[in-house]
Amino acid sequence: MLRRCATVALIGLLAAGAAAPAPPIPASVDASFQQISAVELRSYVTVLASDQLFGRGVGHAGNREAEQFIVSALRAAGVPPATPGYLQDVAVYQPRLGTGGHVRFTTDRGDTLADLSVGTDFYPLPASADLTVAGPVVLAGFGLSAPSLGHDDYAAVDARGAIVLAHDDLPEALQQRASLSTEERGELASVDRKLADARAHGAAGLILIRTFITDPRGVWPETTSVRSASYRLLGAMRAAPVAVAALSGRAADPVRRALERHRRVRAQLTPGVIATPVLMHNVLAMIEGREIPGELVVVGAHLDHDGIDEDGRVYNGADDNASGTAAVIAIAAAFARAAARGQRPARTVVFALWNGEEKGSLGAEYYVSTPMPGRRVVANFNLDMVGREEDIPDPDDPRFRGFARVAAADSTNVVHLLGYSYSADLAAVVERANDTIRLTIRQDYDRGAQGLVRRSDNWPFLEHDVPAVFFTTGLHPEYHTPDDDTDRLDFDKLVRIAGLAGRAAWLTAEGPAPRLTRR
């Protein structure tokens with residue numbers, strides 16, 4: 001009876017098109033992963049988290065030295081480059097508020113409705129392009145296009161070449177929708193989301209009406225250190241420039257009244273933003289697949305950290321994220337050892353050290369939005385802060401608000417896996433890879449807890465509909481402080497996590513293409 005039931009179940013699975021799992025990892029490949037050592041990982045972290053690299057902040061020489069160190073480590077391990085010289089150029093810019101910011105609204109009769117320079121009624125936003133735009137003004141509700149949520153402010157609006165005037169924040173119906181998490185509401189209400197929707201509908205400008213508008217110095221704080229500098233992708237801004245600004249309700253009222261009376265209104269918007277270009281690099285290596293080289297499994301971690309603050313303190317970022325960077329280098333070296341023994345996975349595996357994560361996952365976003373010709377990413381494994389124990393002594397600390405109290409002693413064997421609800425197939429592969437490693441894998445942070453799943457380099461992949469999961473050992477009191485140093489890391493645990501991620505990447509590169517569970 002049991003054999004007959006099993007046969008029926010197997011036939012049912014085949015009829016449903018269920019894919020067989022990847023074959024077991026060959027012994028010689030497993031031996032390559034077993035060669036990852038605490039000594040190797042410590043050697044990488046010691047350099048990356050040293051004072052000599054000054055916290056690896058974007059725009060600083062220490063960041064460039066980190067890139068070169070990683071290139072040298074990959075070359076020494078015999079891992080071939082994925083791009084000439086291992087370096088992928090990523091152009092970013094640091095937006096600054098210059099002089100001359102101005103907006104003027106006029107009617108078709110030539111009447112001036114508002115004529116404002118930068119102040120408490122009007123100021124450009126850092127998301128703005130650095131160009132003057134002019135065009136008809138259109139009202140677009142909250143400037144949000146979300147048809148899947150039953151809300152589309154652009155459904156009856158022709159925004160092509162226009163300057164869109166929209167309310168900040170979210171409509172009440174979406175604010176109250178129980179199915180939306182706090183982080184999802186925040187994403188929908190963000191300037192970047194509204195800018196993306198305006199850009200998608202061909203707008204030349206976007207002006208957000210803010211109920212509470214402040215001194216522009218609050219939006220444009222003086223940048224006095226590497227740590228406080230903000231950056232954005234230059235190519236994205238240049239490819240589809242949109243001028244973006246904020247307007248007080250008081251200043252917007254005459255413009256809205258004229259539009260509501262079906263008067264034609266035009267605006268000229270000069271943001272006065274200065275875009276200062278900076279060139280940083282992702283470091284990319286790969287092992288070419290033997291059967292499906294055009295499909296890529298990407299194993300990544302970010303190489304940058306916070307750099308130096310206004311007081312000259314160095315934020316070394318040993319856990320965040322020299323730990324993940326070291327793990328990816330070691331995983332790449334293990335794949336190279338296996339390849340030297342004649343063992344390559346079916347798919348190509350890319351080893352990526354992203355730059356600019358602390359400034360908004362800029363390097364990962366650039367990579368996933370600029371695909372290699374003839375290649376397609378099918379999965380991403382992200383490692384970020386994988387060298388410690390989760391330790392949250394004070395949930396009232398703003399860095400930890402939304403998390404439960406956790407003692408380090410209770411998480412010595414724990415690694416958190418995020419993205420499980422978006423990529424159930426990858427989560428299952430990770431569980432399978434853990435059979436011999438036996439870490440305690442917790443799938444607990446996809447919802448709530450400050451939107452942690454959205455706060456690392458896995459998120460750009462998910463936004464581009466690529467299955468992705470994120471390994472982390474969690475937050476701790478040294479998170480984003482100058483005390484995140486090498487001697488606090490648990491290198492034996494890091495060895496096991498690197499082995500787990502490497503084995504999961506191999507199984508994924510050998511098995512069926514993972515599916516996206518939800519978006």
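Look a little higher up for the structure.
Residues numbered from 1 in each chain as written. Predicted model: local features only at pLDDT ≥ 70, side-chain atom pairs only at ≥ 80, totals over all residues. Heavy atoms only, no water.

**Student:** An account of the pairing of strand E5 (residues 133-139) is needed here, citing residue identities and associated values.
**Tutor:** Where E5 lies against strand E12 (residues 265-270), four bridges are found, and the strand directions are antiparallel. Across the sheet, the residue bridging to Val 133 is Leu 269, located in E12. Pairing geometry for E5 and strand E8 (residues 163-167), over three bridges, is parallel. Within E8, the residue paired with Val 137 across the bridge is Ile 163. (Pairing = 2+ DSSP bridges. Helix = DSSP H or I, 4+ residues; strand = E, 2+ residues; numbered from the N terminus.)

**Student:** Which residues make up the nonpolar core, and what values go with them?
**Tutor:** Core analysis: the biggest nonpolar cluster contains 73 residues, and Leu 74, Phe 351, Leu 383 and Phe 471 have the highest contact counts within it. No other element matches helix H11 (residues 318-340), which puts 14 residues into this core. Counting residues in hydrophobic clusters, the runner-up holds 31 residues, among them Ile 392, Leu 418, Phe 470 and Leu 475. (Core = buried A, V, L, I, M, F, W, Y, C linked by side-chain atoms within 4.5 Å. Buried < 20%, exposed > 50% of the residue type's maximum accessible area, 1.4 Å probe, protein only.)

**Student:** Give a detailed account of the pattern of salt bridges, specifying residues and quantitative values.
**Tutor:** This structure, assessed with the given rule, holds 26 salt bridges. Residues Arg 263 and Asp 108 are paired through a salt bridge, measuring 4.0 Å at the closest nitrogen-oxygen approach. Remark: Asp 108 occurs in the loop between strand E2 (102-107) and strand E3 (112-117) and Arg 263 occurs in the loop between helix H10 (249-260) and E12; sequence separation between them is 155 residues. The residue Glu 295 makes a salt bridge to Arg 376 at a minimum N-O spacing of 2.9 Å. Placement of Glu 295 in strand E14 (residues 292-302) and of Arg 376 in strand E18 (residues 376-383) is noted, with a sequence separation of 81 residues between them. Assessed through its relative accessible area of 48%, Arg 376 is described here as partly exposed. (Salt bridge = Lys/Arg side-chain N within 4 Å of Asp/Glu carboxyl O.)

**Student:** Any chance you could break down helix H13 (residues 424-433) for me, citing the residues and the numbers?
**Tutor:** Along an α-helix, residues three or four apart share an orientation, since each turn contains 3.6 residues. Every buried residue of H13 is accounted for by Leu 426, Ala 427, Val 429, Val 430 and Ala 433. End-on, the buried residues of H13 take up no more than an arc of 160 degrees, which puts them together on one face. For H13, the elements touching its buried residues are E18, strand E19 (414-418), strand E20 (440-442), strand E21 (468-472) and helix H15 (491-510). (Arc of directions from axis to C-beta. Contact = heavy atoms within 4.5 Å.)

**Student:** I'd like a description of the sheet that holds E3, backed by residues and values.
**Tutor:** Spatially, the eight strands line up as an open sheet ordered E3-E2-E12-E5-E8-E9-E11-E4, and their pairing is mixed. In this open sheet, the two edge strands, each paired with only one partner strand, are E3 and strand E4 (122-124). When the angles between neighbouring strand axes are averaged without regard to direction, this sheet yields 25 degrees. Strands in contact with helix H7 (residues 191-200) are E8, strand E9 (205-210) and strand E11 (243-248); relative to E9, the strand with the most contacts, it is inclined by about 140 degrees. The strands that H10 touches are E2, E3, E5, E8, E9, E11 and E12; relative to E11, the one it contacts most, it runs at about 100 degrees. (Axes fitted to C-alpha atoms, helices over the stretch in contact; angles between N-to-C directions.)

**Student:** Let's hear about the packing of aromatic side chains: which residues, and what values?
**Tutor:** Counted by the stated rule, this structure contains nine aromatic pairs. Judged by centre distance (5.5 Å) and plane angle (75 degrees), the ring pair of Phe 33 and Phe 335 falls under edge-to-face. Of this pair, Phe 33 sits in helix H2 (residues 27-34) while Phe 335 sits in helix H11; the two residues are 302 residues apart in sequence, bridging distant segments of the chain. Residue class for Phe 33 comes out buried when judged on its relative accessible area of 3%. In this structure Phe 335 comes out as buried when scored by relative accessible area, which is 1%. Arranged with centres 5.2 Å apart and planes meeting at 80 degrees, the rings of Phe 403 and Tyr 445 form a pair that is edge-to-face. You can see Phe 403 sitting in the loop between E18 and E19 and its partner Tyr 445 sitting in the loop between E20 and helix H14 (458-463), a full 42 residues away along the chain. The buried category is assigned to Phe 403, whose relative accessible area is 5%. Residue Tyr 445 is classed as buried on the basis of its relative accessible area, which comes to 10%. (Phe/Tyr/Trp six-rings, centres within 6.5 Å; stacked < 30°, edge-to-face > 60°.)

**Student:** Which residues make up the pairing of E11, and what values go with them?
**Tutor:** Taken across its six residues, E11 has six buried, putting it largely inside the fold. The two faces of E11 match: Ala 243, Ala 245 and Leu 247 on one face and Val 244, Ala 246 and Ser 248 on the other face are all buried. In terms of strand pairing, E4 meets E11 through three bridges, oriented antiparallel. What sits directly across from Phe 122, in E11, is Leu 247.

**Student:** Now, about helix H3 (residues 38-48): what can you tell me, with residues and values included?
**Tutor:** Taken together, the buried positions of H3 are Glu 40, Leu 41, Tyr 44, Val 45 and Leu 48. Buried residues of H3, seen end-on, are gathered within an arc of 125 degrees and therefore sit on one face of the element. For H3, the elements touching its buried residues are helix H4 (61-76), H11 and H15.

**Student:** Describe the sheet that holds strand E17 (residues 347-354), listing the residues and the values that go with them.
**Tutor:** In space, the nine strands of this open sheet follow the order E10-E1-E13-E17-E14-E18-E21-E19-E20, with mixed pairing throughout. At either end of the open sheet lies a strand with only one pairing partner, and these are strand E10 (232-233) and E20. Note: strand E13 (residues 273-287) against E17, five bridges, orientation antiparallel. Pairing of Ile 287 across the sheet is with Val 349, part of E17. Against the sheet, H4 contacts strand E1 (87-97), E13 and E17, and its axis sits at roughly 10 degrees relative to E13. The strands touched by H15 within the sheet are E14, E17, E18, E19, E20 and E21, with E18 carrying the most contacts at an inclination of about 170 degrees.

Keep in mind these values describe shape, not function.
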